[in-house]
Amino acid sequence: MEQQYDVIIVGAGPAGLTAGIYAARAGLKTLLIERYGAGGQILNTYEVDNYPGLPGITGAELGMKMQEHLDKYDVTTEMCEVEGIDFEEKNNRVKTDNGTFVGKCVILATGNSPRKLGIPGEEELTGAGVSYCATCDGAFFKKRTVAVIGGGDVAVEDAIFLARGCEKVYLVHRRDELRAAKILQNALFELPNVEVVWDSIPKEIKGADEGMVAGLEIENVKTGDRSVLDVAGVFIATGNNPNSSYTDAVDKDENGYIIADETCATSLPGVFAAGDIRSKKLRQVSTAVADGANAVYSAQAFLI
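Below you will find a few notes about this structure. Keep in mind the model is a prediction, meaning the values are calculated, not measured.

Rules and cut-offs
Residues numbered from 1 in each chain as written. Predicted model: local features only at pLDDT ≥ 70, side-chain atom pairs only at ≥ 80, totals over all residues. Heavy atoms only, no water. Helix = DSSP H or I, 4+ residues; strand = E, 2+ residues; numbered from the N terminus. Rg over C-alpha atoms; globule rule 2.2 N^0.38 Å. Buried < 20%, exposed > 50% of the residue type's maximum accessible area, 1.4 Å probe, protein only. Contact = heavy atoms within 4.5 Å. Areas by Shrake-Rupley, 256 points an atom, 1.4 Å probe, with all protein chains shown as cover. Lys, Arg positive; Asp, Glu negative; His and termini not counted. Charge placed at Lys NZ, Arg CZ, Asp CG, Glu CD. 1 Å grid on protein atoms, 1.4 Å probe; cavity = no way out; pocket = protein on both sides within 12 Å on 5 of 7 lines; lining within 4 Å. Points joined across faces, edges and corners; volume = space filled by probe spheres on them. Pairing = 2+ DSSP bridges. Axes fitted to C-alpha atoms, helices over the stretch in contact; angles between N-to-C directions. Arc of directions from axis to C-beta. Disulfide = S-S within 2.5 Å.

Observations concerning the overall build of the chain
Line of reasoning, step 1. If you tally the helices and strands in the chain, you get 7 helices and 17 strands.
Line of reasoning, step 2. Radius of gyration (C-alpha) of the chain: 21 Å, near the 19 Å computed for a compact globule of 304 residues.
Line of reasoning, step 3. Dimensions of the chain along its principal axes, counting C-alpha atoms only, are 60 × 40 × 35 Å.
Line of reasoning, step 4. Scored against the burial criterion, the 304 residues of the chain give a buried share of 50%.
Line of reasoning, step 5. Within the chain, counting contacts between residues at least 6 apart in sequence, those at least 24 apart form 55% of the total.
Line of reasoning, step 6. Total accessible area computed for the chain in this model is approximately 14,800 Å², and 47% of it derives from carbon and sulfur atoms.
Line of reasoning, step 7. When the 29 positive and 44 negative side-chain charges of the chain are each reduced to one mean point, those points stand 2 Å apart.

Digging into the layout of surface pockets
Line of reasoning, step 1. By volume, the second largest pocket amounts to about 270 Å³.
Line of reasoning, step 2. Lining the second largest pocket are 15 residues, with L117, I149, G150, R174 and T238 positioned closest to its centre.
Line of reasoning, step 3. Ranked by the residues each element gives to the lining of the second largest pocket, the list is headed by strand β12 (residues 200-207), at 3 residues.

Concerning the sheet that holds strand β14 (residues 226-229)
Line of reasoning, step 1. If you trace the 3 strands from one edge of the open sheet to the other, you get β12-β13-β14, paired in antiparallel fashion. Strand pairing shows two members of the sheet lacking a second neighbour, β12 and β14, which therefore form its edges. Here the strands of the sheet are splayed against their neighbours by 25 degrees on average, with no regard to which way each runs.
Line of reasoning, step 2. Inspection of the sheet shows strand β13 (residues 213-220) paired to β14 by 4 bridges, in the antiparallel sense. Bridge pairing in β14 links E219 to R226.

A few points about helix α6 (residues 182-189)
Line of reasoning, step 1. Every buried residue of α6 is accounted for by L184, Q185 and L188. Burial along α6 is one-sided: seen end-on, the buried residues are contained in an arc of 100 degrees. Projecting away from the buried face of α6 at angles above 90 degrees are the exposed residues K182 and I183.
Line of reasoning, step 2. Along its buried surface, α6 packs onto α5 (153-163), β10 (168-172) and β11 (194-197).

A few points about the state of the cysteines
A covalent bond between the sulfur atoms of two cysteines is what we call a disulfide.
Line of reasoning, step 1. Scanning all chains against the criterion turns up 1 disulfide.
Line of reasoning, step 2. Put simply, C133 and C136 are joined by a disulfide, and their sulfur atoms are 2.0 Å apart. Residues C133 and C136 are joined through a disulfide that is right-handed, its torsion about the S-S bond being 70 degrees.
Line of reasoning, step 3. On the basis of relative accessibility, which here comes to 8%, the residue C133 falls in the buried class.
Line of reasoning, step 4. Take C136: its relative accessible area is 41%, and that puts it in the partly exposed class.
Line of reasoning, step 5. Left unpaired, C80 is separated from the closest cysteine sulfur, that of C105, by 19 Å.
Line of reasoning, step 6. The closest cysteine sulfur to the non-disulfide-bonded C105 is located on C264, 13 Å from its own sulfur.
Line of reasoning, step 7. In this structure C105 comes out as buried when scored by relative accessible area, which is 0%.

Take a look at the structure:
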């Protein structure tokens, strides 16, 4: 028999966890579906310094605190993979590898995933020196040389984090200036063991005979010259892609993010999008938390 809920929340990052808290406090019968565990992308962040009231908290600690808050309420949690959703007004069926669940409302909070480079050596050497999470894998490269690919906040944060334990860190960026926040850039430029490689793009990740990363071939976009950086690890931080492939029923933007207004309402009645999956300008923990609250408020209005 299909289990029925007032609201089903798909995803347990900051947006999903906040939605769960708000839904439970509103007295809604709530199901939270997550495939890996609570926290989402913040688990990959060493230090969250811009979340109000908790300066310097690690991503793992923040995710744990949010989960502990949720645990105070009567919210059912299922650890499973969503395989598809059949959207029908007040009768939405969420199909998973652990059965089908029915919800009057659905809040999509599935976030996004690291974008891959698509260059030779990347797939073959993932887990053997290629990583998308500096805080997860940085400890394996103490006193070694690594490269970080990217120029935004995450890439610069990764380079700063890795510089604490690595002998040297190359930050490879395709432009001649970084996109990261100025405070992060200032911290980066003060580090003696970080070298920014400007105007360059990765072309191939080279492996050694033992199947581990041995170098990164780069190309200068202005001169066309190629060179190889002698590195033991390559950390990729070039952005993310939305985790929205499980449905084509809701309207999306050209990048695949779900279109939803500030109330988090999508193109389908009773279906809401919250957090990094939503098409918007700024994706931060604070905006994800706001989305989670707004989505539940909108769901309440829809149910009434």
